[in-house]
Amino acid sequence: FEDAPAKLRDCIKVMNAHKVDFLIELGDFKDMVETKEGTLKCLDDIEKVYATFNGRRYHVLGNHETDCITKAEFLSRISNYGQGRAQAYYSFKVGNVTGIVLDANYTSKMEEYEPGKFDFRDTNVPPDQIKWLQGVLDSAPGPVVVFAHQLMDPVCDDIMRINNAEELRAMFEKSGKVKAVFAGHHHIGLAPNVHNGILYYTLRAMAQDAYPENNSFAEVELYDSGRIVVNGYVKAASVDKKI
């Protein structure tokens, strides 16, 4: 993780030059350290680098966000565009495209992850968030892109997948609006997969392996025709699909 600031600077240099509409990180944003003080310093340091992006920026909560601090503590130290206080799950709009950010950091008992009180293999989107999600899908005026830390891709290993992923995929498919689902969590990445007309893309972790030979970030383009282009940088996969 000590290479992460340099890797993130490389990403932001590209994204600032290309003037992308927004930048989003897919979770496990901070290092896994033993003390709260060390964790908060790590979080503050990487957030300062992230803040050098000249545009809208957003966060997704990963399971490692709560390995030493609470969700509330994490959210109090970051910033999401347009939010007075950063939220764990939310939606946003860019033109006619709706972005939906999910928080699957809940146990099977639908209890929020707390430091030392969760298993990364037990991940769920709770009923109240499901209800909220349905409302956002219903009201979305155009294409929808979903972001989560844990995977919903039907071809991934079970331990990497949200327990109620099948329910979520059914909602996405029924809406007819969801074009792509982006996730992190599986640090070595996963081959992009189109399932029932939706692209499932798992980004290789930026922190995976040493810099400068290794890095991973991507630029996504959506077209009115339904075409989705993912330009992967360094070790990130690239995609060009008509959805």
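Scroll up a little and you will see the structure.
Rules and cut-offs
- Residues numbered from 1 in each chain as written.
- Predicted model: local features only at pLDDT ≥ 70, side-chain atom pairs only at ≥ 80, totals over all residues.
- Heavy atoms only, no water.
- Helix = DSSP H or I, 4+ residues; strand = E, 2+ residues; numbered from the N terminus.
- Buried < 20%, exposed > 50% of the residue type's maximum accessible area, 1.4 Å probe, protein only.
- Contact = heavy atoms within 4.5 Å.
- Pairing = 2+ DSSP bridges.
- Axes fitted to C-alpha atoms, helices over the stretch in contact; angles between N-to-C directions.
- Core = buried A, V, L, I, M, F, W, Y, C linked by side-chain atoms within 4.5 Å.
- Phe/Tyr/Trp six-rings, centres within 6.5 Å; stacked < 30°, edge-to-face > 60°.
- Parallel < 35°, antiparallel > 145°, perpendicular 65-115°, else oblique.
- Left-handed = near helix turned anticlockwise from the far one by under 90°.

Looking at the element boundaries, asparagine 63 is found in the loop between strand 2 (56–59) and helix 3 (71–75). Relative accessible area serves as the criterion here: at 4%, asparagine 63 is assigned to the buried category. The contact partners of asparagine 63, leaving out residues within four places of it in the chain, are Asp28, Asn105, Tyr113, Phe118, Phe120, His149, Gln150 and His185.

The strands making up a sheet associate through hydrogen bonds between their backbones, and the pairing can be parallel or antiparallel. Spatial strand order, 3-4-5-6-8-7: 6 strands in an open sheet with mixed pairing. Strand pairing shows two members of the sheet lacking a second neighbour, strand 3 (90–94) and strand 7 (190–195), which therefore form its edges. Shown here is a sheet whose adjacent strand axes are inclined to one another by a mean of 15 degrees, direction ignored. Pairing of strand 7 with strand 8 (residues 198–202), which is carried by 4 bridges, proceeds in the antiparallel orientation. When the sheet's bridge partners are listed, leucine 190 is paired in strand 8 with threonine 202. Strands strand 3, strand 4 (97–101), strand 5 (144–147) and strand 6 (178–183) of the sheet are contacted by helix 4 (residues 127–139), whose axis makes an angle of about 175 degrees with strand 4.

The next thing to look at is the nonpolar core. Generally speaking, nonpolar side chains in soluble globular proteins are found buried as a group. In this structure, Leu8, Met15, Leu23, Phe74 and Leu75 are the most contacted members of the largest nonpolar core, which totals 24 residues. Those elements that provide at least two residues to this core are helix 1 (4–18), helix 2 (36–50) and helix 3. Counting residues per element, this core draws most heavily on helix 1, which supplies 6 residues. Residues contacting leucine 8, with those up to four places away along its chain left out, are Ile46, Val49, Tyr50 and Met206. Core analysis: the next-biggest nonpolar cluster, separate from the first, contains 22 residues, Leu133, Leu137, Met152 and Ala165 among them.

Below, the discussion takes up the packing of aromatic side chains. All told, the structure shown has 14 aromatic pairs when counted by the stated rule. The interplanar angle of 20 degrees and the centroid separation of 6.4 Å between the aromatic rings of phenylalanine 92 and phenylalanine 147 together place this pair among those described as stacked. With a gap of 55 residues between them, phenylalanine 92 in strand 3 and phenylalanine 147 in strand 5 connect regions that are remote in the sequence. For phenylalanine 147, a relative accessible area of 6% corresponds to the buried category. Aromatic ring contacts, followed pair by pair, group Phe22, Tyr58, Tyr81, Tyr90, Phe92, Phe147, Phe182 and Tyr201 into a single cluster.

Now for the sheet that holds strand 11 (residues 239–242). Read across the sheet, 3 strands follow the order 9-10-11 without closing on themselves; strand pairing throughout is antiparallel. In this open sheet, the two strands that pair with only one neighbour each are strand 9 (216–222) and strand 11. Mean inter-strand twist for the sheet, computed between neighbouring axes without regard to direction, equals 15 degrees. With 4 bridges connecting them, strand 10 (residues 227–234) and strand 11 associate as antiparallel partners. The residue bridging valine 229 from the neighbouring strand is aspartate 240, located in strand 11. Sheet strands touched by helix 1: strand 9 and strand 10. Its angle to strand 9, the strand with the most contacts, is close to 20 degrees.

Moving on to the packing of helix 4 against helix 5 (residues 165–175). One way to put it is that helix 4 packs onto helix 5 with a least axis distance of 10 Å and a crossing angle of 15 degrees. Classified by the interaxial angle, the pair formed by helix 4 and helix 5 is roughly parallel. Viewed along their axes, helix 4 and helix 5 form a crossing whose handedness is right-handed. Contacts between helix 4 and helix 5 pair Ile130, Leu133, Gln134 and Leu137 from the former with Glu167, Leu168, Met171, Phe172 and Ser175 from the latter.

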